[in-house]
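# Inside the fold
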Amino acid sequence: MSGDSFTFTIDGVEVTATPGQTIMEAADAAGIYIPRLCDVEGLRHQGGCRVCTVKASGRSAAACTQPAAPDLVVDNETDHLNTMRRHLVEMLFQEGNHLCPVCEASGNCELQAMAYRLEMVEPFRFPGLEPCRPVDASHPDIALDTNRCISCGRCIRASADVDGKGIFGYVGRGIHRRVAVNGSDLAHTDADINDHAVSRQVCPVGCIIRKREGFSIPIGEREYDHGLIGDEGDSE
Amino acid sequence: MDKPRILEIDPVTRVEGHGKVTVHLDRQGNVNEARLHIVEFRGFERFIQGRLLWEVPVIVQRLCGICPVSHHLCAAKAMDRIVGVDQLTPTAEKMRRLMHYGQVMQSHVLHFFHLSAPDILFGFGSPAEKRNVFEIIRQNPELGHRAVLMRKYGQEIIEATAGKKIHGTGAIPGGINRNLSTERRDQFLAQIDEMQDWALEALALARDYCLREKDFIAKFGGQPSNYMSLVRPGDGALDLYDGNLRMLDARGEAIFDQVDDSRYHEYLTEDVRRWSYMKFPYINSIGADDGWYRVGPLARMNTADLIDTPLAAKAHEDLHAAFDTPLIHGVLDNHWARMIEVVHCVEKIRELLNDPDLQGTDLVVKGERRHEGVGVIEAPRGNLIHHYKVDENDQVTFCNLIVSTTHNNEAMNRSIRDVANKHISGQEVITEGMMNHLEVAIRAYDPCLSCATHALGQMPLKVELFDSNDVLIDSALQSP
């Protein structure tokens with residue numbers, strides 16, 4: 001332990017952190033998985049989806065943005081938290097058209113994988129909004145099906161912070177907020193297939209589509225075919 | 001009988017999808033009309049519009065849970081053309097063929113043993129509670145056991161080639177996304193002899209039935225018709241995966257032959273009728289009234305000049321030798337034809353499993369984009385046509401599906417009219433067993449009603465008001 005480091009606990013396990021680290025960063029370093037959707041390695045934290053909500057010394061907090069602190073007592077894998085997370089994921093499903101059986105992201109989709117992890121097996125409890133937004137396929141190499149968007153904002157941060165382009169952004173307010181492109185359509189932006197924002201690791205669902213790649217990975221070789229999200233190190 | 005009656009079978013059982021039969025009797029109990037109504041609506045032709053071309057083979061297979069592979073492969077063939085690929089790699093084509101033969105095998109076995117065999121083994125008029133696969137298992141456990149295992153074998157072939165037994169993702173535009181591991185190949189080869197033996201015994205069962213009941217079958221729901229299928233270019237052999245279109249008339253003369261499948265619309269037109277969600281295709285050169293035709297196993301046995309696997313070839317010759325007409329028309333003879341195809345599929349599966357191309361790694365070809373593509377395949381139930389147009393953004397702008405059951409629509413309606421006239425007309429008491437005769441005629445076509453319902457935008461709504469004596473008081477029609 002370095003001079004500045006300190007310890008706290010997650011589900012009773014002692015974890016070492018350094019000043020400025022979030023609970024999630026410290027947990028990741030310690031090999032403890034905290035469920036998440038809007039957070040991904042390489043992008044700044046947002047704290048938007050709230051799937052990473054933990055109890056930090058009794059208070060609910062987003063683990064991806066809440067700084068770790070000495071002697072903090074963090075609850076992560078509890079029935080209460082996982083039920084809340086499952087409800088959040090169910091609402092994300094109900095806000096969009098997530099038809100896993102025909103979606104090319106199936107098997108690689110973090111939303112689908114999170115639903116499996118959180119055991120979202122019962123019929124949906126919330127009414128579906130069933131959006132009917134046209135697919136923007138104007139770009140020669142990229143398509144956008146925002147019916148599948150979960151407003152995680154990963155593409156927005158990747159485009160602005162990594163690519164330096166600002167192609168994606170939010171429009172609308174409240175329940176009507178959604179991701180849009182900085183142009184009349186994708187063809188009228190600077191989007192390029194080599195942008196980090198349109199890479200496989202950024203969009204967690206099937207919203208940003210890399211054209212002509214769909215279904216090229218056989219069933220059985222997709223990212224979550226053999227294990228739950230967050231348990232990758234435990235599979236095989 | 002003092003007033004007209006309408007008899008109804010709703011739903012038709014032991015078929016895929018939902019449909020009903022109505023039989024209209026006059027005051028004397030004679031049949032005025034008998035119809036097969038398709039009462040469900042799917043609309044895939046409409047909602048596929050706007051989707052991206054590589055999604056299509058995965059989406060449209062959801063038309064069906066019994067033979068999704070047919071739609072998956074047929075759409076993939078159409079998309080091959082749209083991505084500019086006319087020739088797949090050997091590995092891709094053989095993997096797709098293996099998937100298809102596995103599917104035809106499992107679907108035919110399902111139909112014969114689970115859906116139709118109860119009628120054949122126990123009699124059309126036997127108690128309804130006996131006419132099911134569980135009774136077959138109870139009375140003949142060995143036969144029931146084989147039915148389950150043969151279907152399992154076919155479905156495992158599908159799983160090995162498409163990733164899942166139902167609704168997989170194997171075929172992609174221009175090729176396939178996997179090859180076959182040697183471990184899976186060896187597992188299948190270890191069982192192939194047993195599958196062949198069982199297929200031959202199933203063929204013998206169907207053949208014996210058709211020969212024993214030859215006179216009855218000749219008068220049951222069948223009448224001479226035209227027949228269509230794909231045949232192999234050149235020698236006119238049976239080919240379930242690819243080929244050119246051939247249409248024969250009832251005497252075996254060609255109405256058209258070796259027609260490139262992408263030109264189907266020059267030879268066929270689809271008619272819409274107000275009482276069914278299923279369209280009525282007909283041969284252009286003959287017209288809507290008489291241009292109906294049949295597809296399916298019996299149609300294929302009629303149109304194919306030969307079969308290129310030895311056991312099925314012998315069975316094909318044996319079938320034709322049993323009849324003194326150029327073509328065979330008995331609707332129940334479909335069962336015999338179906339079992340010949342099971343033998344053919346098992347032989348083809350063996351042939352492919354022994355081909356090292358299945359372990360190849362060259363899976364996908366690319367070509368120059370086109371905007372229109374037609375795929376045609378011989379599904380278990382008969383000829384299947386998928387036709388798409390795709391814009392420069394890769395989005396579908398047009399879709400037309402003519403599925404096997406749609407091809408057979410007029411034929412099925414004629415069959416039930418024939419059976420109703422012979423077995424129901426003028427009867428004082430109409431039993432459940434008599435009504436089952438109508439279902440037997442429909443089942444012989446092995447229809448998939450859920451696959452065949454796409455008359456979106458053309459289906460008018462008709463409301464009729466009757467008084468207590470069934471006299472029509474008023475009607476209103478919402479035209480398309």
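Thresholds, definitions, all that
- Residues numbered from 1 in each chain as written.
- Chains lettered and ligands numbered in written order.
- Predicted model: local features only at pLDDT ≥ 70, side-chain atom pairs only at ≥ 80, totals over all residues.
- Heavy atoms only, no water.
- Helix = DSSP H or I, 4+ residues; strand = E, 2+ residues; numbered from the N terminus.
- Rg over C-alpha atoms; globule rule 2.2 N^0.38 Å.
- Contact = heavy atoms within 4.5 Å.
- Areas by Shrake-Rupley, 256 points an atom, 1.4 Å probe, with all protein chains shown as cover.
- Lys, Arg positive; Asp, Glu negative; His and termini not counted.
- Charge placed at Lys NZ, Arg CZ, Asp CG, Glu CD.
- Buried area = accessible area lost by both parts, 1.4 Å probe.
- Salt bridge = Lys/Arg side-chain N within 4 Å of Asp/Glu carboxyl O.
- Nonpolar A, V, L, I, M, F, W, Y, C, P; charged D, E, K, R; others polar.
- Pairing = 2+ DSSP bridges.
- Axes fitted to C-alpha atoms, helices over the stretch in contact; angles between N-to-C directions.
- Phe/Tyr/Trp six-rings, centres within 6.5 Å; stacked < 30°, edge-to-face > 60°.
- Buried < 20%, exposed > 50% of the residue type's maximum accessible area, 1.4 Å probe, protein only.
- Parallel < 35°, antiparallel > 145°, perpendicular 65-115°, else oblique.
- Left-handed = near helix turned anticlockwise from the far one by under 90°.
- Expected span 1.5 Å × (residues − 1).
- Bend = angle between axes of the 7 residues up to and from the residue.
- Core = buried A, V, L, I, M, F, W, Y, C linked by side-chain atoms within 4.5 Å.

It is worth spelling out the overall build of chain B at this point. Scanning chain B for helices and strands turns up 14 helices and 16 strands. For 480 residues, the compact-globule estimate of 2.2 N^0.38 gives 23 Å, and the C-alpha radius of gyration of chain B, at 22 Å, lies within 12% of that figure. Along the first, second and third principal axes, the C-alpha set of chain B runs to 75 × 55 × 40 Å. The long-range share in chain B, meaning contacts at least 24 apart out of those at least 6 apart in sequence, stands at 69%. Total accessible area on chain B is roughly 17800 Å²; 49% of this is exposed by carbon and sulfur atoms. Side-chain charges of chain B comprise 53 positive and 68 negative groups, with the mean position of each set lying 2 Å from the other.

Moving on, we get to the overall build of chain A. Of the regular secondary structure elements, chain A holds four helices and nine strands. When the helices and strands of chain A are placed in sequence order, the string is β-β-α-β-β-β-α-α-β-α-β-β-β. For a compact globule of 236 residues, the expected C-alpha radius of gyration is about 18 Å, and chain A comes in at 18 Å, within 12% of that figure. Of the contacts made within chain A by residues no fewer than 6 positions apart, 63% connect residues no fewer than 24 positions apart. Per element, the accessible surface of chain A, about 11400 Å² overall, is 49% carbon and sulfur. Seen as two clouds, the 22 positive and the 35 negative side-chain charges of chain A have centres 7 Å apart.

On to the interface of chain A and chain B, then. Counting residues at the interface gives 18 residues for chain A, matched by 19 residues for chain B. Interface area for chain A against chain B, summed over the two sides, is near 1600 Å², with a carbon-plus-sulfur share of 59%. Of all residues in chain A, the largest losses of buried area upon contact with chain B belong to Val102(A), Phe215(A) and Ile219(A), amounting jointly to 39% of the total for that side. Our count for the chain A to chain B interface comes out at four salt bridges. Residues Asp394(B) and Arg212(A) are paired through a salt bridge, measuring 2.8 Å at the closest nitrogen-oxygen approach. Here the residues of the side of chain A that touches chain B are counted per class, giving 10 nonpolar, three polar and five charged.

Backbone hydrogen bonds hold the strands of a sheet together, and the pairing may be parallel or antiparallel. Residues and elements named next belong to chain B. Pairing within the open sheet is antiparallel, and its three strands lie in the order β12-β13-β14. The strands lining the two open edges of the sheet, one partner per strand, are β12 (372–379) and β14 (396–402). Neighbouring strand axes in the sheet, compared pairwise and without regard to direction, differ in orientation by 15° on average. Sheet contacts for helix α3 (residues 68–82): β12 and β13 (382–390); angle to β12, the most-contacted strand, approximately 150°.

All names here are of chain B. Within this structure, the stated rule accounts for eight aromatic pairs over all chains. Ring geometry for Tyr153 against Phe188: centres 5.7 Å apart, planes inclined by 80°, an arrangement best described as edge-to-face. Here Phe188 lies in helix α7 (residues 182–212) and Tyr153 lies in helix α6 (residues 141–162), a separation of 35 residues in the sequence. Neither Tyr153 nor Phe188 differs from the other in exposure class; each is buried. Between the aromatic rings of Phe256 and Tyr267, the centroid separation amounts to 4.6 Å while the plane-to-plane angle is 50°, which identifies the pairing as tilted. Note that Phe256 is positioned in strand β8 (residues 254–259) and Tyr267 in the loop between β8 and β9 (268–271), a separation of 11 residues in sequence. Residue Phe256 is classed as buried on the basis of its relative accessible area, which comes to 6%. Taken together, the ring pairs in this structure connect Phe124, Phe216 and Phe220 into an aromatic cluster.

Turning to the packing of α7(B) against helix α11 (residues 334–353) of chain B, a few remarks are in order. To characterise two packed helices, one gives the angle between the axes of the helices and the distance between these axes. Residues and elements named next belong to chain B. Between α7 and α11, whose axes approach to 8 Å, the crossing angle comes to 165°. On the basis of their axis angle, the class for α7 and α11 is roughly antiparallel. In the crossing of α7 with α11, the sense of the turn from one axis to the other is left-handed. Among the residues making up the contact of α7 with α11, the classes are represented as 19 nonpolar, two polar and five charged.

A word on unusual backbone geometry. Residue and element names in this part refer to chain A. For Arg50, which is not a glycine, the phi torsion comes out positive at approximately 65°. Inspection of the secondary structure puts Arg50 in the loop between α1 (23–29) and β3 (53–56). Residue Arg50 is classed as partly exposed on the basis of its relative accessible area of 38%.

The next thing to look at is the pairing of strand β8 (residues 178–181) of chain A. All names here are of chain A. As paired strands, strand β7 (residues 168–171) and β8 are joined by four bridges and run antiparallel to one another. Directly across from Gly169, in β8, lies its bridge partner Ala180. Between the end of β7 and the start of β8, which pair antiparallel, lie six residues, with Gly172 showing a positive phi angle near 80°.

All names here are of chain B. The first and last C-alpha atoms of α7 sit 44 Å apart over 31 residues, in line with the 45 Å expected at 1.5 Å per residue. Where α7 bends most, the angle comes to about 40°, and this point is Ile192. The set of residues buried in α7 consists of Phe188, Ile192, Met195, Gln196, Trp198, Ala199, Ala202, Leu203, Ala206, Tyr209 and Cys210.

With that settled, consider the sheet that holds strand β1 (residues 6–10) of chain A. Residue and element names in this part refer to chain A. Across the sheet, which stays open at both edges, the five strands sit in the order β2-β1-β5-β3-β4 with mixed pairing between neighbours. Only two strands of the sheet have a single neighbouring strand rather than two, namely β2 (13–17) and β4 (59–62). Strand-to-strand twist in this sheet, taken as the mean axis angle between neighbours without regard to direction, amounts to 35°. Pairing between β3 and strand β5 (residues 73–75): two bridges, direction antiparallel. By the bridge assignment for β5, Lys55 is matched with Asp75. Sheet strands in contact with helix α2 (residues 79–95) are β3 and β5, and its direction is about 150° off that of β3.

Mapped onto the elements of the fold, His114(B) is located in helix α4 (residues 90–122). Look past the residues within four positions of His114(B) in its chain and what remains in contact with it is Arg14(B), Val109(B), Val133(B) and Ala147(B).

Right, let's get into the nonpolar core. What tends to happen in soluble globular proteins is that the nonpolar side chains get buried as a cluster. Counting 137 residues, the largest nonpolar core has Tyr388(B) and Leu438(B) as its most contacted members. Counting residues per element, this core draws most heavily on α4(B), at 14 residues. In contact with Leu438(B), other than residues within four places in its own chain, are Ile9(B), Val21(B), Val23(B), Ile416(B), Val419(B), Ala420(B) and Ile424(B). Among the nonpolar cores identified, the runner-up in size contains 43 residues, and Cys49(A), Met114(A), Leu118(A) and Tyr224(A) belong to it.

Charged atoms that come close allow side chains of opposite charge to pair. In the structure shown here, the tally under the stated rule is 56 salt bridges over all chains. Put simply, Arg200(A) and Glu213(A) hold a salt bridge, and the shortest N to O gap is 3.0 Å. Residue Arg200(A) is found in the loop between β8 and β9 (208–210), and its partner Glu213(A) is found in the segment after β9; the two are separated by 13 residues along the sequence. Take Glu213(A): its relative accessible area is 26%, and that puts it in the partly exposed class. Where Glu45(B) meets Lys279(B), a salt bridge forms, and the shortest distance between an N and an O atom there is 3.5 Å. Placement of Glu45(B) in helix α1 (residues 44–47) and of Lys279(B) in the loop between β9 and β10 (280–283) is noted, with a sequence separation of 234 residues between them. Of the two residues, Glu45(B) and Lys279(B), neither departs from the other in class, the shared state being buried. Several salt bridges share partner residues, and in doing so they unite Asp141(A), Lys211(A), Arg212(A), Arg369(B) and Asp394(B) into one network.

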